[in-house]
Amino acid sequence: MPRASDPIVEFRGVSKSYVLHGPPLGLKHTLLHLQAVVREARSRPAFTALDGIDFTVERGECFGVFGPNGSGKSTLLALAAGALRPTRGEVIVRGHVCPLLETGAGFHGDLTGRENALLNGMILGLSRRQARERLEGIRAFADIGSFFDEPLRTWSAGMVARLGFGVAVHTEPDVLLVDEVLAVGDEAFQERCLHHIDALRRRGTTLLIVSHDSRLLARHCNRVLRLRGGKVEALGPPDEAWHPSFAAADG
Amino acid sequence: MSTGWRHHVELVGALVGKEFRVRYRSSLLGVLWSLLNPVCFALVLYVAFRPVLHAPTDDYVAFLLAGLFPWQWFANTVSSAPAVYLSNATLVKRTALPRVLLPVASASNHLLHFVVALCAAVPALLLTGHRPAAIWLLGIPLLLLLQGAVCLGLALTLSALNVVLRDLEHLTLVLLNLTFFMTPTLYSEELVPAKLRLLFAVNPMYHLVPLWRHLILEGRLEVAALGGASACAAAALALGLLVHRRLEARLAEGL
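Trainee: Explanation requested: the overall build of chain A in the structure shown.
Mentor: A tally of helices and strands in chain A yields 10 helices and 9 strands. Put simply, 75% of the contacts in chain A that link residues at least 6 apart link residues at least 24 apart. On chain A, roughly 12000 Å² of surface is accessible, and the fraction owed to carbon and sulfur atoms is 52%.

Trainee: Hey, could you run me through the interface of chain A and chain B in this one?
Mentor: Interface size is commonly expressed as the accessible area that is lost once the parts come together. Opposite the 34 residues of chain A that make contact, chain B presents 28 residues. Across the interface of chain A and chain B, roughly 2600 Å² is buried in total on both sides, 63% from carbon and sulfur atoms. With its nearest N and O atoms 3.4 Å apart, the salt bridge here joins Asp179 of chain A to Arg94 of chain B. Per-element accounting of the side of chain A that touches chain B gives the leading share, 4 residues, to helix H4 (residues 113-123) of chain A.

Trainee: Explain the pattern of salt bridges here, please?
Mentor: Pairing is possible between side chains of opposite charge, provided their charged atoms come close. All names here are of chain A. Counted according to the given criterion, the structure contains 18 salt bridges over all chains. With a closest N to O distance of 3.4 Å, Arg139 and Glu136 form a salt bridge. In this pair, Arg139 and Glu136 are both assigned in helix H6 (residues 135-142), 3 residues apart and thus about one turn of the helix distant. You can call Arg139 partly exposed: its relative accessible area is 30%. You can call Glu136 partly exposed: its relative accessible area is 46%.

Trainee: Where do I start with the sheet that holds strand S2 (residues 46-57) of chain A in this structure?
Mentor: As a general point, the strands of a sheet are linked pairwise by backbone hydrogen bonds and lie either parallel or antiparallel. All names here are of chain A. Taken in spatial order, the 3 strands of this open sheet run S2-S1-S4, and their pairing is antiparallel. Each of the sheet's edge strands pairs with one partner strand only, and the pair in question is S2 and strand S4 (88-93). Put simply, the sheet's adjacent strands are angled 25 degrees from each other on average, direction ignored. Across 5 bridges, strand S1 (residues 9-19) lies against S4 in antiparallel orientation. Bridge pairing in S4 links Glu10 to Ile92.

Trainee: I'm lost on the sheet that holds strand S9 (residues 231-236) of chain A in this one. Help?
Mentor: All names here are of chain A. Taken in spatial order, the 6 strands line up as S5-S6-S7-S3-S8-S9 in an open sheet, and their pairing is mixed. On the outer flanks of this sheet lie strand S5 (97-100) and S9, each paired with one strand and no other. The average undirected angle you get between the axes of adjacent strands in this sheet is 20 degrees. Sheet analysis places strand S6 (residues 175-178) next to strand S7 (residues 206-211), joined by 4 bridges and oriented parallel. The residue bridging Val175 from the neighbouring strand is Thr206, located in S7.

Trainee: Please explain a nonpolar patch on the surface as it appears in this structure.
Mentor: On the surface, Leu28, Leu29, Leu32 and Trp33 of chain B cluster together to form a nonpolar patch covering roughly 430 Å² of accessible area. As for its placement among the helices and strands, Trp33 of chain B is situated in helix H2 (residues 33-53).

Trainee: Explain the packing of aromatic side chains to me, please; I cannot follow it from the model alone.
Mentor: Centre-to-centre distance and the angle between the planes together describe a pair of aromatic rings. As enumerated under the stated definition, the model contains 10 aromatic pairs over all chains in all. Pairing Phe55 of chain A with Phe63 of chain A gives two aromatic rings, centres 5.1 Å apart and planes at 10 degrees, and the pair type is stacked. Assessed through its relative accessible area of 4%, Phe55 of chain A is described here as buried. Their ring planes at 20 degrees and their centres at 4.7 Å tell us that Trp73 of chain B and Phe114 of chain B sit as a pair that is stacked. On the criterion of sequence distance, the pair formed by Trp73 of chain B in helix H3 (residues 60-80) and Phe114 of chain B in helix H6 (residues 101-127) is long-range, its members being 41 residues apart. Residue Trp73 of chain B shares its accessibility class with Phe114 of chain B, and that shared class is buried.

Trainee: What is the right way to read the packing of H6 of chain B against helix H7 (residues 136-164) of chain B from this model?
Mentor: Helices that pack against each other are described as a pair by the angle of their axes relative to one another and the distance between those axes. Residues and elements named next belong to chain B. Between H6 and H7, the least distance of the axes is 9 Å, while the angle of their chain directions is 150 degrees. Two packed elements cross with a definite hand, and for H6 against H7 that hand is right-handed. Facing H6, whose interface residues are Pro103, Val104, Ala107, Leu111, Phe114, Val115, Leu118, Val122 and Leu125, H7 presents Trp136, Ile140, Leu144, Leu152, Ala155, Leu156 and Ser159. Looking at the contact of H6 with H7, its residues break down into 15 nonpolar, 1 polar and no charged.

Trainee: Sorry, what's going on with the pairing of S9 of chain A here?
Mentor: Consecutive side chains of a regular strand alternate in pointing toward one face of the sheet and then the other. All names here are of chain A. Bridge count between strand S8 (residues 223-228) and S9: 5 bridges; the pairing is antiparallel. Pairing of Arg226 across the sheet is with Ala234, part of S9. Between S8 and S9, which pair antiparallel and follow one another directly, the connecting turn spans 2 residues, one of which, Gly229, has a positive phi of 55 degrees.

Trainee: Before we go on, may I ask you to explain the environment of Tyr60 of chain B in this structure?
Mentor: Residues and elements named next belong to chain B. In this fold, Tyr60 is placed in helix H3. Look at Tyr60 and you get buried, because its relative accessible area is 1%. Sequence separation between Tyr60 and Arg25 is 35 residues; the distance between their C-alpha atoms is 34 Å.

Trainee: Please explain the side chain of Ser188 of chain B as it appears in this structure.
Mentor: Within the fold, Ser188 of chain B resides in the loop between helix H8 (168-181) and helix H9 (197-200). Among the polar contacts listed, one links the side chain of Ser188 of chain B to the side chain of Glu190 of chain B, at a separation of 2.9 Å.

Trainee: Help me understand the nonpolar core, please; the structure alone is not making it clear to me.
Mentor: When a protein is soluble and globular, its nonpolar side chains tend to lie buried together. Counting 53 residues, the largest nonpolar core has Trp71, Phe74, Leu143, Leu208, Leu211 and Trp212 of chain B as the members making the most contacts within it. Here this core gets 12 residues from one element, more than from any other, and that element is H3 of chain B. In this structure, Leu208 of chain B is in contact with Leu143, Leu146, Gln147, Val150 and Ala229 of chain B, ignoring residues within four places of it in sequence. The next biggest cluster of nonpolar side chains, apart from the first, holds 50 residues, and it includes Leu50, Phe55 and Ala131 of chain A together with Tyr85 of chain B.

Trainee: Mind showing me how you'd approach helix H10 (residues 204-218) of chain B here?
Mentor: Residues and elements named next belong to chain B. Taking 1.5 Å per residue, 15 residues should reach 21 Å; H10 reaches 21 Å between its end C-alpha atoms and fits that length. For H10, the side-chain oxygen to backbone nitrogen distance between the N-cap and Met205 is 2.9 Å, and the N-cap itself is Asn203. Of the residues one or two after H10, Gly219 is the one with positive phi, at around 65 degrees.

Basis of the calculations
- Per chain, the residues get numbers from 1 upward, laid out in the order the sequence is written.
- Chains and ligands are labelled by the order in which they are written, letters from A for the one and numbers from 1 for the other.
- In view of the model being predicted, local features appear only for residues whose pLDDT reaches at least 70, and side-chain atom pairs are presented and counted only at 80 or more, with totals across whole chains, interfaces and linings using the full set of residues.
- The basis for every side-chain value is the complete set of heavy atoms in the structure, and neither hydrogens nor water enter the calculation.
- Runs of E in the DSSP output that reach at least two residues are strands. Runs of H or I that reach at least four are helices, and both are numbered from the N terminus.
- Any two residues having at least one pair of non-hydrogen atoms within 4.5 Å are treated as being in contact.
- All accessibility values rest on the Shrake-Rupley procedure with a 1.4 Å probe; residue burial counts only the protein chains present in the view.
- Buried surface area refers to the total accessible area, computed with a probe of radius 1.4 Å, that the two partners give up upon joining, counted for both partners together.
- Each salt bridge in this description consists of a side-chain nitrogen of Lys or Arg and a carboxyl oxygen of Asp or Glu lying within 4 Å of one another.
- Categorising residues by exposure relies on relative accessible area from a 1.4 Å probe, with only protein chains included: less than 20% of the type maximum marks a residue as buried, more than 50% marks it as exposed, and the intermediate range marks it as partly exposed.
- Note: two strands are recorded as paired if DSSP finds a minimum of 2 bridges between them.
- Note on geometry: axes are lines fitted to C-alpha atoms, helical ones only across the stretch in contact, with angles between N-to-C directions running from 0 to 180 degrees.
- A patch is a set of surface residues, each over 30% in relative accessible area and not in a salt bridge, joined within 9 Å for like charges and within 5 Å for the nonpolar side chains Val, Leu, Ile, Met, Phe, Trp and Tyr.
- Pairing of aromatic rings covers Phe, Tyr and Trp, the last counted by its six-membered ring, and requires centre-to-centre distances within 6.5 Å; plane angles under 30 degrees mean stacked, over 60 mean edge-to-face, and any other angle means tilted.
- The crossing is said to be left-handed when, going from far helix to near helix, the turn is anticlockwise and less than a right angle, and right-handed when the turn is clockwise.
- Just so you know the grouping, Ala, Val, Leu, Ile, Met, Phe, Trp, Tyr, Cys and Pro go in nonpolar, Asp, Glu, Lys and Arg go in charged, and all remaining residues, Gly too, go in polar.
- Pairing of N or O atoms within 3.5 Å defines a polar contact, subject to two protein rules: one partner must be a possible hydrogen donor and the other a possible acceptor, and residues neighboring in sequence count only if both atoms are side-chain atoms.
- Among buried residues, the Ala, Val, Leu, Ile, Met, Phe, Trp, Tyr and Cys ones that are joined through side-chain atoms within 4.5 Å form a nonpolar core.
- Expected span, for any helix, means 1.5 Å times one less than how many residues it has.

As structure tokens, this is what we get:
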């Protein structure tokens, strides 16, 4: 049984390597050069996206992960979501995790908002009954009026993003994973999301936010993990994590 | 949070429901297409074979239909399988959704279409003078189970394998064409030369199409063909589970 004092997310010496495949070979090449292909496959170089990552996130924290492109942020999030398995080490999550998918991901344009909300809620872990019960809440959150029963392809991108956010929030996750999603909406939408993120936090939801926007993280997170080249560069409260090279790390 | 089997079954149901809605939402005839597709195909073949090639059987339309419905089920499952993971890439890359549910939902979807088509085909059969037989009560569930296992096995194999070897979706279509002519749909199985029978027997539909046809048209369940079909079903399912299990962890990285 997890105790309340246990960290809700724990990365223990986590490494993730991807085998580099090069450009897809295709069947013709594979068949014609079978021996060479097999030989190469055995000695393929691996790309280490994350290398020996150790950190814990306590319940109720807003934990930021910061780093330039290719520093391993998204891999870290996918590991926390359980979509990837670590090559080495251990990822422990004590609770229900919900990834906030990028705009419209997992939605279908021919289905209405209602149908999409039901299906996505279930994909994100709700039972059919729970998903039905929370539909009204999602509808109110998305606040898109009669469009809720129109096919998604008729919606604006911002409306779709609101629905996605609404579904994720209503799965009542213990940990909400937020990737660069916030970057897509307009400023008003971002504000709205951040407002809800703060509200969630007050209710005790743990947040794991990935971004290359240092100001956003500094404003909302109590701790920040700085990644560079798949390794932990700094870990601590925002002012410490960026001290003394706040500007330099922004590359 | 509901976990385990119940949630998985609900999820497969929801995914199948989505496929159904998406496919038929903006079409006028909707679910009727499940029925019309094989019927139209049968008509095309009838026109091609009856007057031109002098079809061997008297009751050729019924003969064609009884074989084409199960064939279309098989063909639809197999041809859509390679795209299963590719068209759901985000879910695989970003969520912990049990991967296996996606090919299972795809296979279930095609099974459901077949059952709809079958229900609609029975009245047509009655009109042409065929009578339902008591053996249907045993035979239909049995054949649904056997062909369902074949389809599920192939869906698991092709969906996972196509993530690492993208050529598979093209290859699948070629092989499907070949399989069609190696299946006694247009001709009766007696016409397969004796020395080719062993080769043809690796094709699950070589057993299943005649099984369906004899069951529906003659109310006969052929025990010998059941053996072959069971062997194919077991082999396909074992292959599917093996391949899928092997590749499951790599799916998120391959997409």
